[in-house]
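# Residue-level structural notes
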Amino acid sequence: MHAFSYINGQLQCENVALQNLADEHGTPLYVYSANTIVDHFQRLDQALASIDHEVAFAVKANSNLSVLRLLAQAGAGFDIVSGGELFRVIKAGGDPAHCTFAGVGKTREEIIYALQNNIYCFNVESEAELAYLNEVAAELGVIAPAAVRVNPNVDAKTHKYISTGKSENKFGIDFDAIGALYDKAASEWKNVRMRGLQMHIGSQLTSVKPFVEAVTKVKPLALSLKEKHQIEFWSIGGGIGIVYHDSLASGNPAWWSAQEVDAKPLSIEEYGAAVVPLLADVGLKILLEPGRYIVGNAGVLLTRCLYEKKGSAKTFKIVDAGMNDLIRPALYEGHHEIAPLKEYSGALVTADVVGPICESGDFFCQNREMPDFQPGDVIALLSAGAYGFVMASNYNTRPLPAEILVDGSRSKVVRKRQTLEDVIAGES
Ligand code: LLP
C-alpha cells in the first residue's frame, strides 16, 4: 500500500491534501503515512507467518519517535545501531527485550547502557568486540547475549556504498572463521552467551536471488551452531528493496509514462515464497531487520520551487530543500520521483532540480523530463521515508525540516521545524 495519489487534481497522503500541509507548516517538510507503515510491517509479518519469526525494524531508516511508537504498537522488534537508537526505542515505548544491537564500533558506554536495559542480543562484528563485550559484562557481573555477524561473501548487486556482504566490506566475520570463534567463546569467555547468528548482505536489493544464495550458503552453519552451541535465533538481516521509479499509488498522470521505469520490483510475496521454504526446517527463530521496505515508500519530502534559471545548456529549477535535507541522490545516485502537488497535464520540460547548497552535488535530479512546475509551486520528492530525515544535517546552517505523520484525515507534527536558536544551541 502506498498512500500517495492524486485525488481531484491534488496530491494527497491518505485523506490529507499535501498542499494544505505545505501551506500550514512550510517547506521543506517530511510527510509520512501511518497506515502505509503499519501495512508494510503487517505484510512482511504475514509473509513469514508459517515460521517462528520476529520482524525487527531497522531504526536507522527512520527513527522518529512517533514512527517507532506505531511500529512498537504493531508488535515490531527493533534493530538498533547506537545507544541513541536504544534511547529512542525506549522513549517510544518499545521493549528492549526485542532489540538487537548491530554495528562494528559499539562503545563502552553503549554496551553498558544496553546491558542495563537487558536487550535481546548484541550482534558483534569482530573477535575483539566479542572479547570486549565479555570484559564489560564481567565488570557488571552479568552475562551478555551475543550473536556473530557472518559475512557470507555474496554479491548483493546493489550500489557499492550499501553493499555489505562481500569479503572486502568492513562488516561481519569470514564464514570460515565463525565455528572456531563460537568454540572459543564457549570455552574462554564466561560472560557471553552465544544466542544466535546474524547476517546482512546489503540494502535496496531488487532481486530475491542474493537472499536465496546467502540463506542457502549460511544454513549449514546455522544448523551446526544450533547443534553445538544451542543458539536460538538466526537473523537474516534486512535489505528488501523498494520501487523508487514510478512509485505513485494509483492514477498515475499521463506524463508519468515518460519516466524510466525500474526493473520489476521485488514483491514481499515473492521474497516470502523464496526464503520461507528454505527456513522452515531450521528450527531457529528467524529474525528480519527491514528498514527501507517498511518506511521508504511511506514518506515524501515536500519542497517549494524558488526560482527558475535558464542557462545556455540547461534549465535549473531551484527548490528550497537541499542535499542537507535529503542526501540520497548526492551520496548514492538515488532516484526520487518528482510529483507536483497540483496534477499537471501540460508539456514536459527537461531540467535539473537543485537545492540552495553551495555544492555541485546538491541536486535531486539531472536532465530529467518533468512537469514544468514554476516558482511558488510545491513538489513532492517521493520514496523519502527511509534514510531521508535521519540523514539530514545542518550543513550551511539550515534548520532541520519538520516531520508530519498522517493517519486517515488527521495529521500531526511529530517533529517541529528547528529554529535558528535550536541550531546554535550548545555553542558558545
Ligand atoms: N541490518 C543491518 C545490519 C544493516 O546494516 C541495515 C542497513 C539494515 C538491517 C536495514 O537495511 P534495509 O532493510 O533498510 O535495506 N543510507 C542508505 C542505506 C544504508 C543501509 C545501512 N544498513 C540509503 O539511503 O540507501
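Residues numbered from 1 in each chain as written. Predicted model: local features only at pLDDT ≥ 70, side-chain atom pairs only at ≥ 80, totals over all residues. Heavy atoms only, no water.

### Description of the site of the ligand
Inspection of the region around the ligand gives 19 residues, with Ser-203, Glu-289, Arg-328, Tyr-332 and Tyr-387 positioned closest. Within the side chain of Lys-60, an N or O atom sits 3.4 Å from an oxygen atom of the ligand. One of the backbone N or O atoms of Gly-239 is found 2.8 Å from an oxygen atom in the ligand. Notes on the ligand: free accessible area 590 Å², of which the protein chains cover 92%. Among the cavities detected, the one that contains the ligand is the largest pocket. In the shell around the ligand, the residues fall into six nonpolar, seven polar and six charged. (Near = heavy atom within 4 Å. Polar contact = N/O pair within 3.5 Å; in protein donor to acceptor, adjacent residues only side chain to side chain. Areas by Shrake-Rupley, 256 points an atom, 1.4 Å probe, with all protein chains shown as cover. 1 Å grid on protein atoms, 1.4 Å probe; cavity = no way out; pocket = protein on both sides within 12 Å on 5 of 7 lines; lining within 4 Å. Sits in = over half its atoms within 2 Å of the grid points. Nonpolar A, V, L, I, M, F, W, Y, C, P; charged D, E, K, R; others polar.)

### As for the domain arrangement of the chain
In terms of domain boundaries, the chain breaks down into domain 1 (35-294) and domain 2 (297-423). In this structure, domain 1 and domain 2 have C-alpha centres spaced 30 Å apart. With 30 residues of domain 1 at the contact, the number on the domain 2 side is 31 residues. Each partner contributes to the roughly 2600 Å² buried at the junction of domain 1 and domain 2, and carbon and sulfur atoms together form 55% of this total. Between the two partners, domain 1 and domain 2, sit zero salt bridges. Between the two partners, domain 1 and domain 2, sit seven residue pairs in polar contact (both at pLDDT 80 or more). Here the side of domain 1 that touches domain 2 takes three residues from helix α2 (residues 34-47), the largest share from any one element. Partitioned by chemical class, the residues of the side of domain 1 that touches domain 2 number 14 nonpolar, twelve polar and four charged. (Domains from an automatic or database assignment. Contact = heavy atoms within 4.5 Å. Buried area = accessible area lost by both parts, 1.4 Å probe. Salt bridge = Lys/Arg side-chain N within 4 Å of Asp/Glu carboxyl O. Helix = DSSP H or I, 4+ residues; strand = E, 2+ residues; numbered from the N terminus.)

### Some points on the pairing of strand β17 (residues 348-354)
Bridge analysis of strand β15 (residues 315-319) against β17 gives three bridges, and the strand direction is parallel. Counted as the bridge partner of Lys-317 is Val-353 from β17. Both β17 and strand β18 (residues 363-371) contribute to a ladder of six bridges, which runs antiparallel. By the bridge assignment, Val-354 is partnered in β18 with Phe-363. (Pairing = 2+ DSSP bridges.)

### Quick look at the packing of aromatic side chains
Within this structure, the stated rule accounts for five aromatic pairs. Measuring from ring centre to ring centre gives 6.0 Å for Tyr-30 and Phe-389, while their planes differ by 85°; the resulting arrangement is edge-to-face. You can see Tyr-30 sitting in strand β4 (residues 29-33) and its partner Phe-389 sitting in the loop between β19 (378-381) and β20 (402-407), a full 359 residues away along the chain. According to the relative accessible area criterion, Tyr-30 is buried, its value standing at 0%. Judged by its relative accessible area of 12%, Phe-389 is buried. Counting every residue linked through ring pairs, the aromatic cluster contains Tyr-30, Tyr-32 and Phe-389. If you follow Lys-106 out to its NZ or CZ, it ends over the ring of Phe-101, 5.5 Å from the centre. Lying across the ring of Phe-373, Lys-317 places its NZ or CZ 4.9 Å from the centre. (Phe/Tyr/Trp six-rings, centres within 6.5 Å; stacked < 30°, edge-to-face > 60°. Buried < 20%, exposed > 50% of the residue type's maximum accessible area, 1.4 Å probe, protein only. Lys NZ or Arg CZ within 6 Å of the ring centre and 35° of its normal.)

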